[in-house]
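# Structure assessment
Read off the chains here:
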Amino acid sequence: MTSGLWELVLKGIWVTVQLLVFSAALAAAVSFVVGIARTHRLWIVRFLAGFYTEVFRGTSALIMIFWVFFVLPPAFGWQLVPMWAGTLALGLTYGAYGSEIVRGALNSVDPAQREGGIALSFTPWQRLRLILLPQAVPEMIPPFSNLLIELLKGTALVSVMGMGDLAFSGNLVRLALQESAEIYTYILLIYFVIAFLLTRVMRGLEKKLKAGIGEVPEKGVSQRELHRPETTGVGGGAA
């Protein structure tokens, strides 16, 4: 490929990364707000959060992009640029899936932990912030990692709006060169590299969070030290 075509691909990668960051941030915010609302003590809050989740999980992300970009703006008399239309559609859609991850992780915390917070006269917000989330968040990371990869692949849907993301730019290069196999192979490899890097970052984050609550060894502590009798509390005083 010529330098101009490579520049087009690089611009597409940058647009895809921007869209991924913006939509992931929105999806994360929606996931926590709706997921926590799904565990609220008031039934109306749980109902509204559940209704939102079912609506956005039950609709196509592609049709949601069409709806946000073509249907919603005329109703309010304004027009969204493709980047923000894609961010809104993808963030709200994948946030609905993420809310189930948050709800499941919160419900998986040992009920005794909640009871301990009540016994200490913690407010619901204090129980959530000090007891539930520190234990639940590390369990959310693996499914969130999978969801982030799905979101990365979902960014290709914005090409239907003519947005110059990686998929759209790759298709323009294919048309220019009349070469499908080579170009689409490059595009596949680029998506794979981005996904691989995201996976490594999320694994590192998971290890750090679990180390913070004592589920994995802290740096500098060997597995042998963790399994010594005086460390585990098993077999102490055998002499």
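One structure accompanies this document, and this report is about it. Please read these numbers as outputs of a predicted model, since none were measured by experiment. (Residues numbered from 1 in each chain as written. Predicted model: local features only at pLDDT ≥ 70, side-chain atom pairs only at ≥ 80, totals over all residues. Heavy atoms only, no water.)

## Some details on the overall build of the protein
Inclusion rule: Secondary structure counts use DSSP, requiring at least four H or I residues in a row for a helix and at least two E residues in a row for a strand, with both numbered from the N terminus. Per-residue accessibility, obtained with a 1.4 Å probe over protein chains only, is compared with the maximum for each type, and a residue is labelled buried under 20%, exposed over 50%, and partly exposed between these values. We call two residues contacting when some pair of their heavy atoms lies within 4.5 Å. Computed with a 1.4 Å probe, the accessible areas rest on the Shrake-Rupley method; for each residue, only the protein chains presented here act as cover.
Broken down by element type, the protein carries 10 helices and 0 strands. When the elements of the protein are put in sequence order from the N terminus, they spell out α-α-α-α-α-α-α-α-α-α. When each of the 239 residues of the protein is scored for burial, the buried share is 35%. Of the contacts formed within the protein by residues at least 6 apart in sequence, a portion of 72% connects residues at least 24 apart. Surface exposure of the protein reaches about 13,900 Å², of which carbon and sulfur atoms provide 66%.

## Some points on the side chain of threonine 93
Formally: Any pair of N or O atoms that falls within 3.5 Å is considered a polar contact. Within protein, one atom must be able to donate a hydrogen and the other to accept it, and sequence-neighbouring residues count only if both atoms are side-chain atoms.
As for its placement among the helices and strands, threonine 93 is situated in helix α4 (residues 82–107). From its side chain, threonine 93 meets the backbone oxygen of alanine 89 in a polar contact 2.8 Å long. Discounting chain neighbours no more than four positions away, the residues touching threonine 93 are Phe56, Ala61 and Met64.

## Quick look at the pattern of salt bridges
Note the following rule: We define a salt bridge as a side-chain nitrogen of Lys or Arg found within 4 Å of a carboxyl oxygen belonging to Asp or Glu.
Applying the stated rule across the entire model yields 6 salt bridges. In this structure, the salt-bridge partner of glutamate 100 is arginine 38, at a minimum N-O distance of 2.5 Å. Residue glutamate 100 is found in helix α4, and its partner arginine 38 is found in the loop between α1 (3–37) and α2 (43–57); the two are separated by 62 residues along the sequence. One connected set of salt bridges, linked through shared partners, spans Arg38, Glu100 and Arg103.

## Observations concerning the layout of surface pockets
A water-sized probe, rolled over the atoms, reveals where empty space remains. Rules: Grid points spaced at 1 Å and placed over the protein atoms alone form the basis of the search, with a cavity being a set where a 1.4 Å probe fits but cannot get out and a pocket an open set showing protein on both sides within 12 Å along at least five of seven lines. Lining residues have an atom within 4 Å of a point. Grid points are joined across faces, edges and corners, and a volume is the space filled by probe spheres set on the points. Side-chain classes follow a simple rule in which Ala, Val, Leu, Ile, Met, Phe, Trp, Tyr, Cys and Pro form the nonpolar group, Asp, Glu, Lys and Arg form the charged group, and the remainder, Gly included, forms the polar group.
If you add up the space inside the largest pocket, you get close to 330 Å³. Around the largest pocket sit Ile36, Thr39, His40, Arg41, Leu106, Arg114, Ile118, Pro124, Trp125, Arg127, Leu128 and Leu132, which together line it. Looking at the lining of the largest pocket, the elements with two or more residues in it are α5 (111–119) and α6 (124–154). Looking at which element gives the most residues to the lining of the largest pocket, the answer is α6, with 5 residues. Of the residues that constitute the lining of the largest pocket, the class distribution is 7 nonpolar, 2 polar and 3 charged. Estimates place the volume of the second largest pocket at around 240 Å³. Those elements that provide at least two residues to the lining of the second largest pocket are α1, α6 and α8 (180–212). For the lining of the second largest pocket, the leading source of residues is α1, giving 6 residues.

## Topic: the packing of aromatic side chains
Rules: A pair of aromatic rings is counted whenever rings of Phe, Tyr or Trp (Trp by its six-membered ring) have centres within 6.5 Å, and the orientation is called stacked for planes under 30 degrees apart, edge-to-face for over 60 and tilted otherwise.
By the definition in use, this model includes 10 aromatic pairs. Taking 5.1 Å as the distance between ring centres and 35 degrees as the angle between the ring planes, the aromatic pair formed by phenylalanine 22 and tryptophan 84 counts as tilted. Here tryptophan 84 lies in helix α4 and phenylalanine 22 lies in helix α1, a separation of 62 residues in the sequence. Judged by relative accessible area, which is 45%, tryptophan 84 ranks as partly exposed. Here the aromatic rings of phenylalanine 32 and phenylalanine 144 are separated by 6.2 Å at their centres, their planes lie at 35 degrees, and the arrangement is tilted. Residue phenylalanine 32 is found in helix α1, and its partner phenylalanine 144 is found in helix α6; the two are separated by 112 residues along the sequence.

By themselves, these figures tell us nothing about what the structure is for.
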